[in-house]
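So you can see what is in the structure, the chains are spelled out below.
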Number of protein chains: 2
Amino acid sequence: MGKYVVTGSASGMGLAVADKLRAEGHDVIGVDLKDADVTADLSTADGRARAIRELLAALDGVLDGAVFAAGVGPRRGNERTTVEVNVLGTTELLTALRPKLAAAGNAKVVVFGSNSTTSTPFVPRRAISLLDEGNTERATKILRRRGPLSGPAAYAASKLALSRWVRRAAASPEFAGAGVRVNIIAPGPVLTPLLKAQLEGASGNQVRSLPVPVREHGTPEQLAQWVMVMLSPAADFMVGSVVTVDGGTEALLRTKDWPSPMPLKRVPKMLNGLRQAKGKGQVADYSDA
Amino acid sequence: MGKYVVTGSASGMGLAVADKLRAEGHDVIGVDLKDADVTADLSTADGRARAIRELLAALDGVLDGAVFAAGVGPRRGNERTTVEVNVLGTTELLTALRPKLAAAGNAKVVVFGSNSTTSTPFVPRRAISLLDEGNTERATKILRRRGPLSGPAAYAASKLALSRWVRRAAASPEFAGAGVRVNIIAPGPVLTPLLKAQLEGASGNQVRSLPVPVREHGTPEQLAQWVMVMLSPAADFMVGSVVTVDGGTEALLRTKDWPSPMPLKRVPKMLNGLRQAKGKGQVADYSDA
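Criteria and cut-off values
- Residues numbered from 1 in each chain as written.
- Chains lettered and ligands numbered in written order.
- Predicted model: local features only at pLDDT ≥ 70, side-chain atom pairs only at ≥ 80, totals over all residues.
- Heavy atoms only, no water.
- Helix = DSSP H or I, 4+ residues; strand = E, 2+ residues; numbered from the N terminus.
- Rg over C-alpha atoms; globule rule 2.2 N^0.38 Å.
- Buried < 20%, exposed > 50% of the residue type's maximum accessible area, 1.4 Å probe, protein only.
- Pairing = 2+ DSSP bridges.
- Right-handed = clockwise from strand over helix to strand, strands pointing away.
- Contact = heavy atoms within 4.5 Å.
- Salt bridge = Lys/Arg side-chain N within 4 Å of Asp/Glu carboxyl O.
- pLDDT = per-residue confidence, 0-100.
- Patch = residues over 30% accessible without salt bridge, like charges linked within 9 Å, V, L, I, M, F, W, Y side chains within 5 Å.
- Areas by Shrake-Rupley, 256 points an atom, 1.4 Å probe, with all protein chains shown as cover.
- Least-squares fit on C-alpha atoms with pLDDT ≥ 70 in both.
- Core = buried A, V, L, I, M, F, W, Y, C linked by side-chain atoms within 4.5 Å.
- Axes fitted to C-alpha atoms, helices over the stretch in contact; angles between N-to-C directions.
- Expected span 1.5 Å × (residues − 1).
- Bend = angle between axes of the 7 residues up to and from the residue.
- Parallel < 35°, antiparallel > 145°, perpendicular 65-115°, else oblique.
- Left-handed = near helix turned anticlockwise from the far one by under 90°.
- Nonpolar A, V, L, I, M, F, W, Y, C, P; charged D, E, K, R; others polar.

### Considering the overall build of chain A
And then number 1: Scanning chain A from terminus to terminus reveals 12 helices and seven strands.
And then number 2: Relative to the compact-globule value of 19 Å for 289 residues, chain A shows a C-alpha radius of gyration of 19 Å, a close match.
And then number 3: The dimensions of chain A, computed from C-alpha atoms along their principal axes, are 55 × 50 × 40 Å.
And then number 4: Burial analysis of chain A (289 residues in total) assigns 63% to the buried set.

The following block contains the structure:
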């Protein structure tokens, strides 16, 4: 059986994943604010450094997989905490754990994105770029200018920056090239403590008015099922994908936006990729063809 | 056990899916040019009408699911066949089967898209719109103007139009609202007869130069595993999603293009969606919250 790190393991989808992994006989090291093997506050640099120290100390050998489910929801006044946990709470830990994952030979990583990335209006693009670079301080300043929309904007920007960072890392020689498959799951409204708090809070009516074509909410159990497949050998050929499980909101609101044809501005990058692929060892081995 | 329709059931990923369904004890009605329960040429209106007649005759009761894997690969001079099979060969059959799927109460549908939708340059956008409307004749004329690139352009345009049509249908009251969950799987280079023919054909070097970060090809077996999950109860909360299983090519070439923040031009549609969602019955039931 394998060894897995799960952040956000004390509640919601992180807990559902940790339970499923343990039920299959795997060894899970949970990370959370409390009720976890490693207790740490991922909203501070000190907390993240401590989590990393404790995780590396607990891992004597290889790491077969990791699930980054820790996240903070949208709340005005909480912008800095949201971006610190949602972006750096994953990118810093994943970077630190990479050598242990690569040592496993065939490790899988699942990062929790969100369908808020595609369904939230008025997200400042500059904040996304800054967060992608890890500049949470400047990004927070920009996000706070959104006034009453700063909560949802900070949440969506954090998950957009995280998705971008993860997709770039996933396709890189350090991850895909080293046999570590990293993918993203993007849930819609799933009945977790986080969603319940939103429904009971000031943004309750806003959340309730979001169109969900399937007309029901998701469950942590359903999302955990997808994560288990993304941790299984079925994901050997999946890298940097965003698996949206959101009841159809993305398909409804962004029908024509994705998949989208390659824009002209991306063609130079593509041609360069074609030219360099062989040298980078990115060409598939078709010797069995 | 359930009853399933699988198009393209005689080879490649369609065959792998049909085999898996049968191995689990399900009843599969295969559709293909030959070696299938229903033999029909989906590149002609007559062939599609015949396939629909025979399928409806074979289905006395409900239909638990359908997998649309029939497809024609990129080849210059073959543009019309490509778009007829890849677009209308799915949209016409899915439309005809919809009432049987809705009658099942909880049916699942998987449509084969392709990661060529996001990695092929110079795809004429007008051809995508025309194909989405079912106008294969005018779209073919536009695609043929791409000269030596008309093969890949026709293939990518067909899968883009199909994805767009399917996402819109999936989120509609007729599908999601009627309990039919429709999703898309978008494979990259998977070692099927179609890919082998490409590798051995004129475009072999082109295909081999495509960067695949994971450095290996996919197998029909792996893709069939994803389809099985998308047909399972795990997909109860998944509607209109595109599940990319492509070794990382999309993440490499289109890192920042998706997920993308909602553009301003989509905001009116979103606000309208928020306003109408309740009346359309698209609001999730949070009564358990």
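### Remarks on the pairing of strand 4 (residues 65-68) of chain B
All names here are of chain B.
And then number 1: Of the two faces of strand 4, the one holding G65 and V67 and the one holding A66 and F68 are both buried throughout.
And then number 2: Judged from the four bridges that link them, strand 1 (residues 3-7) and strand 4 form a sheet pairing that is parallel. Of the residues in strand 4, the one forming a bridge with V6 is V67.
And then number 3: Bridge analysis of strand 4 against strand 5 (residues 108-112) gives four bridges, and the strand direction is parallel. If you follow G65 over to strand 5, its bridge partner there is K108.
And then number 4: Handedness of the crossover joining strand 4 and strand 5 through helix 3 (residues 79-104): right-handed.

### Some details on the environment of B:A197
And then number 1: Inspection of the secondary structure puts B:A197 in helix 8 (residues 193-200).
And then number 2: Residues B:A197 and B:G73, 124 residues apart in the sequence, show an inter-C-alpha distance of 9.1 Å.

### Section: the interface of chain A and chain B
And then number 1: Tallying the contact residues gives 91 residues for chain A and 91 residues for chain B.
And then number 2: Applying the counting criterion to the chain A and chain B interface returns six salt bridges.
And then number 3: For B:R167, the salt bridge identified is with A:E250, shortest N-O distance 2.9 Å.

### Regarding the confidence of the model for chain A
And then number 1: When pLDDT is averaged across chain A, the result is 94; 98% of the residues are at 70 or more.
And then number 2: Taken over the whole predicted complex, pTM reads 0.96, whereas the ipTM for its chain interfaces reads 0.96.

### As for a nonpolar patch on the surface
And then number 1: On the surface, a nonpolar cluster with roughly 280 Å² of combined accessible area is contributed by A:F122, A:L149 and B:L264.
And then number 2: By the secondary structure assignment, A:L149 is in the loop between helix 6 (136-144) and helix 7 (150-170).

### Some details on the relation of the copies chain A and chain B
And then number 1: If you rotate chain A by 180 degrees and push it 0.0 Å along the axis, it lands on chain B with an RMSD of 0.0 Å. On the angle and the small slide along the axis, the relation comes out as a two-fold axis. For chain A, the minimum C-alpha distance to the rotation axis belongs to A:V243 and amounts to 2.8 Å.
And then number 2: Take the interface residues of chain A: 100% of them recur as interface residues in chain B, which is what a same-surface contact looks like.

### Things to note about the nonpolar core
And then number 1: In this structure, A:W226 and B:W226 are the most contacted members of the largest nonpolar core, which totals 134 residues.
And then number 2: Apart from the residues within four sequence positions on either side, A:W226 is in contact with A:I185, A:V243, A:V245, B:W226, B:V229, B:M230, B:A234, B:A235 and B:M238.

### Some details on the sheet that holds strand 4 of chain B
All names here are of chain B.
And then number 1: Reading across from one edge, 3-2-1-4-5-6-7 is the order of the seven strands in this open sheet, with parallel pairing throughout. Unpaired on one side and paired on the other, strand 3 (38-39) and strand 7 (242-245) mark the two borders of the sheet.
And then number 2: Set on the sheet, helix 10 (residues 220-230) makes contact with strand 4, strand 5, strand 6 (181-187) and strand 7; between it and strand 6 the angle comes to about 165 degrees.

### Some details on the side chain of B:E84
Residue and element names in this part refer to chain B.
And then number 1: Along the chain, E84 turns up in helix 3.
And then number 2: Classification of E84 as buried rests on a relative accessible area of 6%.
And then number 3: The contacts of E84, once residues within four sequence positions are left out, are L42, S43, R48, G89 and T136.

### Here's the deal with unusual backbone geometry
And then number 1: Residue A:P259 is bonded to the preceding A:W258 through a cis peptide linkage, with omega at 0 degrees.
And then number 2: With respect to the helices, strands and loops of the structure, A:P259 is situated in the loop between helix 11 (249-253) and helix 12 (267-277).
And then number 3: Not every positive phi belongs to a glycine, and B:F122 is a case in point at roughly 60 degrees.
And then number 4: Here the phi dihedral of B:R215 falls at roughly 70 degrees; this positive angle occurs in a residue that is not glycine.
And then number 5: Mapped onto the elements of the fold, B:R215 is located in the loop between helix 9 (204-208) and helix 10.

### A few points about helix 1 (residues 12-23) of chain A
Residues and elements named next belong to chain A.
And then number 1: Look at helix 1: 17 Å from first C-alpha to last across 12 residues, which is about the 16 Å you get at 1.5 Å a residue.
And then number 2: All of the buried residues along helix 1 are G12, M13, G14, A16, V17, A18 and L21.
And then number 3: Where helix 1 terminates, the next one or two residues include G25, which has phi positive at roughly 95 degrees.

### Some details on the sheet that holds strand 5 (residues 108-112) of chain A
Residue and element names in this part refer to chain A.
And then number 1: What the seven strands build is an open sheet, ordered 3-2-1-4-5-6-7; its pairing is parallel. A single partner strand is all that each edge strand has here, and the edge strands are strand 3 (38-39) and strand 7 (242-245).
And then number 2: Of the strand pairs in this sheet, strand 2 (residues 27-32) and strand 3 are connected by two bridges, and their pairing is parallel. When the sheet's bridge partners are listed, V31 is paired in strand 3 with V38.
And then number 3: Each of strand 1 (3-7), strand 2, strand 4 (65-68), strand 5 and strand 6 (181-187) is contacted by helix 1, which is oriented at about 165 degrees to strand 1, the strand it contacts most.

### So, helix 3 of chain B
Residues and elements named next belong to chain B.
And then number 1: In this model, helix 3 (26 residues) spans 36 Å end to end at C-alpha, consistent with the 38 Å of a helix rising 1.5 Å per residue.
And then number 2: Maximal helix bending in helix 3 amounts to about 50 degrees, located at R98; proline P99 follows within four positions.
And then number 3: Backbone geometry just downstream of helix 3 places G105 in the positive-phi region, at approximately 90 degrees.

### With respect to the packing of helix 1 of chain A against helix 10 (residues 220-230) of chain A
All names here are of chain A.
And then number 1: Between helix 1 and helix 10, the shortest axis-to-axis distance is 8 Å and the interhelical angle comes to 55 degrees. In terms of their interaxial angle, helix 1 and helix 10 are classed as oblique. As for how helix 1 packs across helix 10, the hand of that crossing is right-handed. Of helix 10, the residues touching helix 1 (which contributes G12, M13, A16, V17, K20 and L21) are P220, E221, L223, A224, Q225, V227 and M228.
And then number 2: A class-by-class count of the residues in the contact of helix 1 with helix 10 yields nine nonpolar, two polar and two charged.

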